[in-house]
Number of protein chains: 2
Amino acid sequence: MPDALRSVNPATGTAFGEPIPATDTAARRTEAARAAAPALAAMRPAERASLLRAVAAALTAREDAIVALADAESGLGEARLRGELARTTGQFEQYGAHAETGAPLDIVIDHAAPRTTPPRPDLRRWNVPLGPVAVYAASNFPLGFGVAGTDTAAALAAGCPVVAKAHDSQPATAALLAETVTAAIEQHGADPRAFAVVTGFQAGLDLIRDPAIKAAAFTGSISGGRALAAEAAARPEPIPFFGELGSLNPVVATPEALAQRGGALAEEFATSMTLGSGQFCTKPGLLFLPEGHGLEEALAEAVRAKQVHPMLNRRIREAYLAETAGLAAHPAARSLLEPVPGGEAHAVTPALIAAPAAAIDGDRTLLRECFGPAALVLTYADIAELERVLPQLPGGLTGAVHLATSADPVARAVLPLLAERSGRVIVNGWPTGVAVTHAQHHGGPWPATTNARHTSVGPASIDRFLRPVAYQSTPEALLPEALHEDNPLSLQRRVDGALER
Amino acid sequence: MPDALRSVNPATGTAFGEPIPATDTAARRTEAARAAAPALAAMRPAERASLLRAVAAALTAREDAIVALADAESGLGEARLRGELARTTGQFEQYGAHAETGAPLDIVIDHAAPRTTPPRPDLRRWNVPLGPVAVYAASNFPLGFGVAGTDTAAALAAGCPVVAKAHDSQPATAALLAETVTAAIEQHGADPRAFAVVTGFQAGLDLIRDPAIKAAAFTGSISGGRALAAEAAARPEPIPFFGELGSLNPVVATPEALAQRGGALAEEFATSMTLGSGQFCTKPGLLFLPEGHGLEEALAEAVRAKQVHPMLNRRIREAYLAETAGLAAHPAARSLLEPVPGGEAHAVTPALIAAPAAAIDGDRTLLRECFGPAALVLTYADIAELERVLPQLPGGLTGAVHLATSADPVARAVLPLLAERSGRVIVNGWPTGVAVTHAQHHGGPWPATTNARHTSVGPASIDRFLRPVAYQSTPEALLPEALHEDNPLSLQRRVDGALER
């Protein structure tokens, strides 16, 4: 019998609530998901949008209970978690609305061309759901990237059932979300087997190996993601694995920007870096400042003044203290702000470490993601040095530059280098805060993600869970309704090479 | 010093021409490709289209020499190879034209929305090239899937340099194609380092492990593809691997179709199955006929009457003879046509094996792809039996059904099952012959491909070699020209959710 999981309050370190048994067999859930797949795949886009709206409404209806439980298990605070839930329900609605337009189906119709050489048959292509998807929940966004977060919304919008693995630190929140989502699906008249949650390490491993699972999405550490990706690739039938792993999110401030608004930058940096106790995948972990910037005091002061929540769990807290100590011990590094290991339970204080940018030239020891409110302040000599070190950074989700004008020579040199190594380039802003819009890209070169083609935030995230099927010379009566000539579902299509609207 | 490769004429089994040394270091070519990448990535879409047209023109200008050499090394015949070259140059032109529309860039612009909660920044996303691509040439289409085939055209259209691994059986053709393409690129005024060819097993392995290589495309066997995919995944920085591996391409004829045109079906099947000596990835390898179909004689006769070319090389010929003998030895199987192993050099004759469809119910021994002019004729009892066995087939590129009317009950049952297990569904046609159009999908569930989301034929194949980058709040002067507000390059875009044309 697998162990039970306990909820632990990060603020006090004490367990609370009933023990939640680890799932002893994931196979029952995956079989159920497989059984639910055909009906979910067969839903019209508008029906699927309606189902996603129903899930959003059910989550909103239980907001108080969900937020209270997520706060008790994560310590992230009520205000932040209310915002996170609203963002998540918005994603369910938005992904459903996008599915309703037909855009993710990518319908392409090429009529027969009997007089070409060789003659071309009628071909109609659309995207179909891959089948049941395993979603591995992250702890740093219990609602946004939890069992009922963006990956689940995207998979359901694609028409794929979801079996989600709860994060060990948030088993009660996961159970409440599971109950809420499953009930909403059932009340909507759909098959509630389209969503389930499993708990425990072994169940998570069983999931990625299960033949009924056809794709997986993961948000977490590089080591965990790499291990699961290897499992996905080693299956008798390999499956796509979409992992969002680690990101340093470099921010470069040019001398001109610093001259213009140095003090404000220090304050903004401190806010962004300590958001969610630095447990954001988009935390600015590297701040590049010109030599002689004179901001050390202001930065340390601004960061020290921020109140940070306790870390999500004991393991993360211990790793944070070890990693920050390791960074500070680097021969080229100096502590501007040392974390104080005391305090209650999982509490920590922020860390700020200074080093010359030359210290990362040919040496990756300082280039480790440190989960928590820690960052490196790297001083650069000139453009040439930035041009040397920025291409050496590991792939990331974001890269930002603060500039005074668009003629700023440092910015002009830096921007293409940031684009080369990341999925989102930001000007005069900070990487935390990921707008959920069509143009958003929350992804990037390895190790930011296992697949740089895909985003895990925004309507485009639906595409991950679909594959094309083309129909050749197929009579209308045998075609899926979405491919009928007169477009009865009013879906976006490309016909004979031209986009319809 | 690595071994030299020799050209061998499949018709005579004798070596000809000068020995071609295996590449002793792939790294020189990948370094050159890396150096060529920025300029290729920076080309405007229209310039890139013009470059691809220049490559197509250069290939056409050397048609006679290319076809003669490819025929000598492959034995596929002049007519077929002239057609294949025309198809390939057409792909260079078509992929370039598609790139020119901007469609592969998938440009999405969301203007700032300062009054939403939270306020949304200006976000502009487009796709950028991944970087140098390794292309592994297949022997069955020396021109279509060779070193300068569809994968190379797609990668160049995406803006990625290509280092192609020549197939061991066609080193001289590969060298001539390399010389032609490189000269065309240089004469066009672009950097000729954007294309190179390596030869030999070790160079192929070095390529997939080379840090300069950012993606790989492969067409070949399941075992070879699986091994390379594992290499791609195990790199310190894993890269996407697009393999097209094996496919059985089942064809189901309904009783009504048989009653209507049984004799014609036998003849058409024989033509499709023996095309290119059965060395097509889309060869119909399984023909499902209703019990008591009475076509055995006609099928054997039609297939026997086809003249087949010698096999591409000795290894393929030996594998063909071993595989067909293995299939025929299955206790449930009967030979309708036994291959005659005699004849010149790599010559073979076709094989046709009959078995009840029940023989593949719960038993995969008959479900092995046999490369060459061999197929299984499987007799089914009724719809229920098809519904039982079709879902057990491995994933494939295609599935076809021959029917009399769209009310045909067998066709109605079969079509969704074929769509479930393949990338292209065909009605009253044969899987060989892959139209190069927007709607085409040449891909499918494992083991048809390593990534069912992608096609290796058609303009959509360009997408494999791109990744998104979003620009947030970036002044126009610092944006790539393609993302400027007034659309100076006249590219397709989605602006604030709506498609422009």
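Only a predicted model underlies this, so the values are computations on that prediction, with no experimental measurement involved. (Residues numbered from 1 in each chain as written. Chains lettered and ligands numbered in written order. Predicted model: local features only at pLDDT ≥ 70, side-chain atom pairs only at ≥ 80, totals over all residues. Heavy atoms only, no water.)

Side note on the overall build of chain A
Looking only at helices and strands, chain A features 13 helices and 19 strands. Relative to the compact-globule value of 23 Å for 501 residues, chain A shows a C-alpha radius of gyration of 24 Å, a close match. In terms of its C-alpha atoms, chain A occupies a principal-axis envelope of roughly 75 × 60 × 40 Å. Considering chain A as a whole, with its 501 residues, one finds that 61% of them fall into the buried category. Residue pairs at least 24 apart in sequence account for 76% of intrachain contacts in chain A once pairs closer than 6 positions are excluded. Across chain A, the mean location of the 41 positive side-chain charges is 4 Å away from that of the 52 negative side-chain charges. (Helix = DSSP H or I, 4+ residues; strand = E, 2+ residues; numbered from the N terminus. Rg over C-alpha atoms; globule rule 2.2 N^0.38 Å. Buried < 20%, exposed > 50% of the residue type's maximum accessible area, 1.4 Å probe, protein only. Contact = heavy atoms within 4.5 Å. Lys, Arg positive; Asp, Glu negative; His and termini not counted. Charge placed at Lys NZ, Arg CZ, Asp CG, Glu CD.)

Here's the deal with the pattern of salt bridges
Applying the stated criterion across every chain, the model contains 46 salt bridges over all chains. For Asp191(A), the salt bridge is made with Arg193(A), and the minimal N-O distance between the two is 2.8 Å. Where Arg34(B) meets Glu31(B), a salt bridge forms, and the shortest distance between an N and an O atom there is 2.9 Å. Here Arg34(B) and its partner Glu31(B) are both found in helix α1 (residues 27-42), 3 residues apart, which amounts to about one turn of the helix. Glu31(B) gets classed as partly exposed once you look at its relative accessible area, which sits at 40%. (Salt bridge = Lys/Arg side-chain N within 4 Å of Asp/Glu carboxyl O.)

Comments concerning the interface of chain B and chain A
With 61 residues of chain B at the contact, the number on the chain A side is 61 residues. Of the roughly 5,500 Å² buried between chain B and chain A, counting both surfaces, carbon and sulfur atoms make up 56%. Applying the counting criterion to the chain B and chain A interface returns 0 salt bridges. Linking chain B with chain A are 40 residue pairs in polar contact (both at pLDDT 80 or more), by the criterion used here. Contributing elements (two or more residues each) for the side of chain B that touches chain A: β3 (107-110), β4 (123-129), α8 (222-234), α13 (409-421), β16 (422-427) and β17 (466-472) of chain B. For the side of chain B that touches chain A, the residue count by class is 29 nonpolar, 14 polar and 18 charged. (Buried area = accessible area lost by both parts, 1.4 Å probe. Polar contact = N/O pair within 3.5 Å; in protein donor to acceptor, adjacent residues only side chain to side chain. Nonpolar A, V, L, I, M, F, W, Y, C, P; charged D, E, K, R; others polar.)

With respect to the pairing of strand β5 (residues 133-136) of chain A
All names here are of chain A. Alternating positions in β5 separate into two faces, Val 133 and Val 135 on one and Ala 134 and Tyr 136 on the other, with burial throughout. For the crossover from β5 across helix α5 (residues 150-158) to strand β6 (residues 162-165), the handedness is right-handed. As paired strands, β5 and strand β8 (residues 215-219) are joined by 4 bridges and run parallel to one another. Directly across from Ala 134, in β8, lies its bridge partner Ala 216. (Right-handed = clockwise from strand over helix to strand, strands pointing away. Pairing = 2+ DSSP bridges.)

Examining the packing of helix α2 (residues 45-61) of chain B against helix α6 (residues 171-187) of chain B
Residue and element names in this part refer to chain B. One can describe the packing of α2 onto α6 by two numbers: an axis separation of 9 Å at closest approach and a directional angle of 135°. Here α2 is positioned oblique relative to α6, judged by the angle of their axes. In terms of crossing hand, the pair formed by α2 and α6 is right-handed. The segment α2 lies against α6, with Leu 51, Ala 54, Val 55, Ala 58 and Leu 59 engaging Leu 177, Thr 180, Val 181, Ala 184 and Ile 185. Along the lines of polarity and charge, the residues of the contact of α2 with α6 split into 9 nonpolar, 1 polar and no charged. (Axes fitted to C-alpha atoms, helices over the stretch in contact; angles between N-to-C directions. Parallel < 35°, antiparallel > 145°, perpendicular 65-115°, else oblique. Left-handed = near helix turned anticlockwise from the far one by under 90°.)

Bear in mind that shape data such as this cannot, by itself, settle questions of function.
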